[in-house]
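Okay, here's what each chain looks like letter by letter:
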Amino acid sequence: LDQGFSAAVVQRKDLDRKHLDTAFWISILTGGLLTVGNIAASGLVADFFHEPRLASILSWLSLSYIVNALSTTQLAILQRNMSFKSLARRSLAATTIGGVFGIGMALAGFGVWSLVGQNLVRGIAAQNVVQHSIQGVMQQDHAFNAGTGVQLGQCAFQHRAREHAIVNQPLALD
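The structure contained in this document is the topic of the report that follows. (Residues numbered from 1 in each chain as written. Predicted model: local features only at pLDDT ≥ 70, side-chain atom pairs only at ≥ 80, totals over all residues. Heavy atoms only, no water.)

Remarks on the pattern of salt bridges
Thinking step 1. The full count for this structure, using the stated rule, is two salt bridges.
Thinking step 2. With its nearest N and O atoms 3.9 Å apart, the salt bridge here joins R17 to D21. Placement of the pair is R17 and D21 together in helix α2 (residues 17-48), with a separation of four residues, close to one helical turn. Summarising the burial analysis for this pair, R17 and D21 share the class buried.
Thinking step 3. For R53, the salt bridge is made with E51, and the minimal N-O distance between the two is 2.8 Å. (Salt bridge = Lys/Arg side-chain N within 4 Å of Asp/Glu carboxyl O. Helix = DSSP H or I, 4+ residues; strand = E, 2+ residues; numbered from the N terminus. Buried < 20%, exposed > 50% of the residue type's maximum accessible area, 1.4 Å probe, protein only.)

A closer look at unusual backbone geometry
Thinking step 1. Unlike most non-glycine residues, H50 shows phi in positive territory, near 55°.
Thinking step 2. Of note, H50 is situated in the loop between α2 and α3 (53-61).
Thinking step 3. Residue classification places H50 among the exposed positions, given a relative accessible area of 70%.
Thinking step 4. Positioned with a positive phi, M82 is a non-glycine residue whose angle comes to about 55°.
Thinking step 5. Within the secondary structure, M82 sits in the loop between α5 (72-80) and α6 (84-107).

Remarks on the nonpolar core
Thinking step 1. Judged by nonpolar contacts, V9, L15, L20, A23, L75, A76, I77, L78, L87, V130 and I134 together constitute the single largest core of 11 residues.
Thinking step 2. Broken down by element, this core gets its largest block of residues, four residues, from α5. (Core = buried A, V, L, I, M, F, W, Y, C linked by side-chain atoms within 4.5 Å.)

Section: the environment of S6
Thinking step 1. Tracing the backbone through its elements, the reader meets S6 in helix α1 (residues 5-11).
Thinking step 2. Not counting residues within four places of it along the chain, the set of residues in contact with S6 comprises T72 and A76. (Contact = heavy atoms within 4.5 Å.)

Thoughts on a nonpolar patch on the surface
Thinking step 1. Judged by side-chain polarity, I39, W60 and L63 come together as a nonpolar surface patch covering roughly 280 Å² of accessible area.
Thinking step 2. With respect to the secondary-structure elements, L63 resides in helix α4 (residues 63-69). (Patch = residues over 30% accessible without salt bridge, like charges linked within 9 Å, V, L, I, M, F, W, Y side chains within 5 Å. Areas by Shrake-Rupley, 256 points an atom, 1.4 Å probe, with all protein chains shown as cover.)

Pasting the structure below:
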């Protein structure tokens, strides 16, 4: 989803807000395009396999592109800061939460939808753990100005506040 931008975030010596913005929005754009493309193609795939139920399953599964795109830049920031413990916690927590949810759905008789639910819940849980981990990185950064880290309720503004904490530059909300 990130088209190599995460590797650039991890490896770039001089990283500024523009680099993080670019990586984040390219990831979101790619995830959005893949989601829309898969939803549009889901009917054709279902017809190809002569399984009409496949269209709705693929449509719901395609939402995982967007869910995963939301965290690619944050994951790169954690890798850059060598926060491997946070990355491991994220993976373990998300897999556990998704697994429990999927097993619960399977036991309740949801069939293949259990796998769809497991996948989406795992992605959402992973995103939530990443958000918590990034906030920890912000709090550890001595240059972070708590006044600029106010949660504004919009993804773009939250992302910019996180970036400010990481790259130690003034935050301009334009």
